[in-house]
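What follows is the residue order along each chain.
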Amino acid sequence: MDTAAYLKAHIRTVADWPAPGVQFRDITPLLQDPRVFRVLIDTFIHRYMDRDKRPDVVAGLDARGFIIGAVVAYELGVGFVPIRKKGKLPFTTVEQTYELEYGSATVELHTDAVKPGDRVLLIDDLIATGGTMMAGKKLLEKLGATVTEGAAIVALPELGGLQRLQEAGLPLFTLVSFEGH
């Protein structure tokens, strides 16, 4: 079994959550089994150890991006910065609002989280519509950083986020893909 199939076999699909018709892709089984968790993290590490892809900083998107991003940053020997939902960070922040299916949301980043010229890997658990990752990219760029790649465990291509992010010039790396919502 290849790595993608192995990881995909450990992602739980929860029907009709958080709303009817939604097929929620739950990554918690990937984290619960230490062997599977190691395969997951090692897959990212092997990619970003390459000198050309190695970031200066890893930025994780609230909240599951914190889990993966912090471990990847630790293993790469680089810093980690959280991009949080509005009102959760204690210091001076920059913010970016983005559209959701119903309404909008805002994420924030500390103003001293990255320096101009930093190469940043932006990581989350899943790319659906791409709104959160796009907002994270814009925040990092406001502070002068370059987002070298957006990474996620799961891609849901039918929701359009992959295409939207790629059209915005963000290279993407995902491990598994699911059809449908």
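Everything that follows concerns the structure shown earlier in this document.
Residues numbered from 1 in each chain as written. Predicted model: local features only at pLDDT ≥ 70, side-chain atom pairs only at ≥ 80, totals over all residues. Heavy atoms only, no water.

Here we look at unusual backbone geometry
Here is step 1: Of the consecutive residues Trp17 and Pro18, the connecting peptide bond is found in the cis state with omega at 5°.
Here is step 2: Mapped onto the fold, Pro18 is located in the loop between strand E1 (12-15) and strand E2 (23-26).
Here is step 3: Look at the link from Asp62 to Ala63: it is a cis peptide, with omega at 0°.
Here is step 4: Along the chain, the position of Ala63 falls in the loop between strand E3 (57-61) and helix H4 (64-76).
Here is step 5: You will see that Asp16, though not glycine, has its phi angle at about 60°, which is positive.
Here is step 6: The topology assignment puts Asp16 in the loop between E1 and E2. (Helix = DSSP H or I, 4+ residues; strand = E, 2+ residues; numbered from the N terminus.)

Overview of the pairing of E3
Here is step 1: Most of E3 is tucked away: five of the five residues are buried.
Here is step 2: Where burial is concerned, the two faces of E3 agree: the one with Val57, Ala59 and Leu61 and the one with Val58 and Gly60 are both buried.
Here is step 3: Note that E3 and strand E4 (residues 79-85) share five bridges and pair parallel. Note on E4: the bridge partner recorded for Leu61 is Ile83.
Here is step 4: Taken together, E3, H4 and E4 constitute a β-α-β crossover, and its handedness is right-handed. (Buried < 20%, exposed > 50% of the residue type's maximum accessible area, 1.4 Å probe, protein only. Pairing = 2+ DSSP bridges. Right-handed = clockwise from strand over helix to strand, strands pointing away.)

A look at the pairing of strand E5 (residues 93-99)
Here is step 1: Side chains Val94, Gln96 and Tyr98 of E5 all project onto a buried face; the interleaved residues Thr93, Glu95, Thr97 and Glu99 project onto a face where none is buried.
Here is step 2: Where E5 and strand E6 (residues 104-110) come together, seven bridges link them in antiparallel fashion. Bridge pairing links Gln96 to Val107 in E6.
Here is step 3: Taking the residues between adjacent antiparallel strands as the criterion, E5 and E6 are bridged by four residues, where Gly103 takes a positive phi near 100°.

A short note on the nonpolar core
Here is step 1: Among the nonpolar cores identified, the biggest contains 29 residues, and Ile83, Leu109, Val114, Leu122, Met133 and Leu140 are the most heavily contacted of them.
Here is step 2: Of all elements in the fold, only E3, E4, E5, E6, strand E7 (119-127), helix H5 (131-142), strand E8 (146-155) and helix H6 (161-167) reach the threshold of two or more residues within this core.
Here is step 3: Top element by residues in this core is H5. It accounts for five residues.
Here is step 4: Setting aside residues no more than four positions away along its own chain, Val114 makes contact with Val57, Val81, Val120, Leu140, Leu143 and Ala145. (Core = buried A, V, L, I, M, F, W, Y, C linked by side-chain atoms within 4.5 Å. Contact = heavy atoms within 4.5 Å.)

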